[in-house]
Amino acid sequence: MKVTWPHLGHSDIVLKSLFRDLGVDMVIAPPNNKHSLTLGVKHSPEFVCLPFKLTLGNMIEGLELGGDTIIMAAGSGLCRFGYYAKVQERILRDLGYEFDMVTTALFESKIVGVARLVKRLSGGAPLSKVIAAIRLGLAKLSAMDDIERAVHRVRAIEINKGIATKLFQEAINAIDYASDMSGLKKAKMDYIAQLNDVAVDTKIDPLKVGVMGEFYVVLEPFANMDVEIELGKLGVEVKRSLFVSHWTKFSLFLNAFGVTEKEKTHRAAMPYLKRDVGGDGWESVGEVVLHAHSYNGLVHLSPFTCMPEIIAQNIMPSIKADIPVLTLISDEQMGRAGMLTRLEAFVDLLHRRRSASLAGALG
Ligand code: SF4
């Protein structure tokens, strides 16, 4: 058996660690690129959302490279995600591929379901070994997210642009190589220290911009055209609402951590939207209310035709909280130049707004 899976941000590092520790053969498709997008678009229904197309492209590339078992998250959500795995399996079989499709309904079976799945894929490894491998994988996830938060802070004010991004890439490689908890802890501390040592301009008070919206496009840099890096280059400190480690806690261990971030956003959204509308639509509304007074603006990422984010986008103008929101829509037609122009104009607006508000406060 050779397992393969579609990409989502840096989650490859976690799956690689898990399967390496348990001796499972794996085939890792190339990172998302034009080719995977073209493959996905070619074989997907035209109207389906971008994450479906990109993940299908990854699956085709993984199978072409020799993978024979696809791991895909599944569930019974309110949006199309609930149908992804079934429809993708059908498309791949129609294309003539022979493979096993292994899905885990993460939202229903939580950590026990994941442990069962991993044990099965490893050919029955002892439970203690499975748990240790999962523990290391989850710790890697948290370490990457902690380092990325530091990267967001430094990127906005570093004197030589690009250092924080380079260090982040090196940190991911170091975390990938870490084979145990102590090696991982060392790698994390080392890169946090290096980031704290980057030369920064302390006189700058960077704009703080929240990046939120649909889970996949927020977390997959190819799908959002590196929006966080681009904001950092413009001197903006990104405050991202979603991290895979948060999501994992929510999805796999719900209720074990008290009130979750998700629950906070749901409560904030209540005056405008009282129920889940699928995907991350409810959270997107809550984010606007929650952060109106702590951030200078919000970038709302939404895949074209994403029903939950369309609902959220249409509610946002009626929210009383006064914060500018730039919605960026991702699909296969997206162009970097157009996105950069909109980002530059948005950041310019936020600067003027802040200056006007400071002048008003002084006058
Ligand atoms: S949240 Fe939107 S983009 Fe994501 S799977 Fe659902 S419909 Fe598609």
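Residues numbered from 1 in each chain as written. Predicted model: local features only at pLDDT ≥ 70, side-chain atom pairs only at ≥ 80, totals over all residues. Heavy atoms only, no water.

Time to look at the packing of aromatic side chains. For any pair of aromatic rings, geometry is given as the distance between the ring centres together with the angle between the planes. Summed over the entire model, instances satisfying the criterion amount to three aromatic pairs. Ring centres of F52 and Y84 lie 5.1 Å apart, and the angle between their planes is 90°; on these two criteria the pair is classed as edge-to-face. Highlighted residues: F52 in helix 3 (residues 50–64) and Y84 in helix 4 (residues 81–94), separated in sequence by 32 residues. F52 gets classed as buried once you look at its relative accessible area, which sits at 3%. An aromatic cluster is built from F52, F81 and Y84, whose rings are joined through pairwise contacts. Lying across the ring of F99, R93 places its NZ or CZ 4.1 Å from the centre. (Phe/Tyr/Trp six-rings, centres within 6.5 Å; stacked < 30°, edge-to-face > 60°. Helix = DSSP H or I, 4+ residues; strand = E, 2+ residues; numbered from the N terminus. Buried < 20%, exposed > 50% of the residue type's maximum accessible area, 1.4 Å probe, protein only. Lys NZ or Arg CZ within 6 Å of the ring centre and 35° of its normal.)

Here the focus is helix 14 (residues 307–315). Considered for burial, the residues of helix 14 that qualify are P308, E309, A312 and I315. Projected onto a plane normal to the axis of helix 14, the buried residues spread over an arc of 120° and lie on a single side. For helix 14, the secondary structure elements touched by its buried residues are strand 5 (207–213), helix 13 (281–291) and strand 7 (297–303). (Arc of directions from axis to C-beta. Contact = heavy atoms within 4.5 Å.)

For strand 7, the tally of buried residues reaches seven of seven residues, placing the bulk of the element in the interior. Here strand 7 shows two buried faces, one formed by G297, V299, L301 and P303 and the other by L298, H300 and S302. Strand direction decides the pairing type here: strand 7 and strand 8 (residues 325–330), joined by six bridges, are parallel. Opposite V299, over in strand 8, you have L326 as the bridge partner. Assessed by its sense of winding, the connection that carries the chain from strand 7 through helix 14 to strand 8 is right-handed. (Pairing = 2+ DSSP bridges. Right-handed = clockwise from strand over helix to strand, strands pointing away.)

A few words now on the nonpolar core. For soluble globular proteins, the rule of thumb is that nonpolar side chains tend to be buried together. Counting 52 residues, the largest nonpolar core has L231 and V299 as the members making the most contacts within it. By residue number, the principal contributor to this core is helix 6 (residues 127–157), which donates eight residues. Of all hydrophobic cores here, the second largest spans 18 residues; its members include F52, L56, A74 and F99. (Core = buried A, V, L, I, M, F, W, Y, C linked by side-chain atoms within 4.5 Å.)

This part is about the pattern of salt bridges. All told, the structure shown has 20 salt bridges when counted by the stated rule. The salt bridge involving D176 is made with R20; its shortest N-O contact spans 3.6 Å. Here D176 is found in helix 7 (residues 163–177), whereas its partner R20 is found in helix 1 (residues 11–21), with 156 residues between them in sequence. By relative accessible area, which is 40% here, R20 ends up partly exposed. With a shortest N-O distance of 3.1 Å, R336 and D226 are connected by a salt bridge. Placement of the pair is R336 in helix 15 (residues 336–362) and D226 in the loop between helix 9 (215–219) and helix 10 (227–233), with a sequence separation of 110 residues. Take D226: its relative accessible area is 24%, and that puts it in the partly exposed class. Through salt bridges that share partners, D226, E230, K233 and R336 make up one connected network. (Salt bridge = Lys/Arg side-chain N within 4 Å of Asp/Glu carboxyl O.)

Closest axis-to-axis distance for the helix 2 (residues 34–43)/helix 3 pair is 7 Å, and the angle between their directions is 110°. Looking at the two axes, helix 2 sits roughly perpendicular to helix 3. Between helix 2 and helix 3, the residues in contact are H35, S36, L37, L39, G40, V41 and H43 and L50, K53, L54, L56, G57, N58, I60 and E61, respectively. (Axes fitted to C-alpha atoms, helices over the stretch in contact; angles between N-to-C directions. Parallel < 35°, antiparallel > 145°, perpendicular 65-115°, else oblique.)

Count 3.6 residues to each turn of an α-helix, and residues three or four apart come out pointing the same way. Where burial is concerned, most of helix 13 is hidden: nine out of the 11 residues are buried. Where helix 13 is concerned, the buried positions are G281, W282, E283, S284, V285, G286, E287, V288 and H291.

The local shell around the ligand consists of C49, P51, C79, F81, Y84, E214, G279, P303, C306 and P308. Looking at the shell around the ligand residue by residue, the class counts come to eight nonpolar, one polar and one charged. Split by domain, the shell around the ligand shows at least three residues from each of two domains, domain 1 (2–125) and domain 3 (205–363). (Near = heavy atom within 4 Å. Nonpolar A, V, L, I, M, F, W, Y, C, P; charged D, E, K, R; others polar. Domains from an automatic or database assignment.)

What follows deals with the environment of Y83. Relative to the helices and strands, Y83 is located in helix 4. Accessibility expressed as a relative area gives 59% for Y83, which makes it exposed. Separated by 60 residues in sequence, Y83 and G23 place their C-alpha atoms 31 Å apart.

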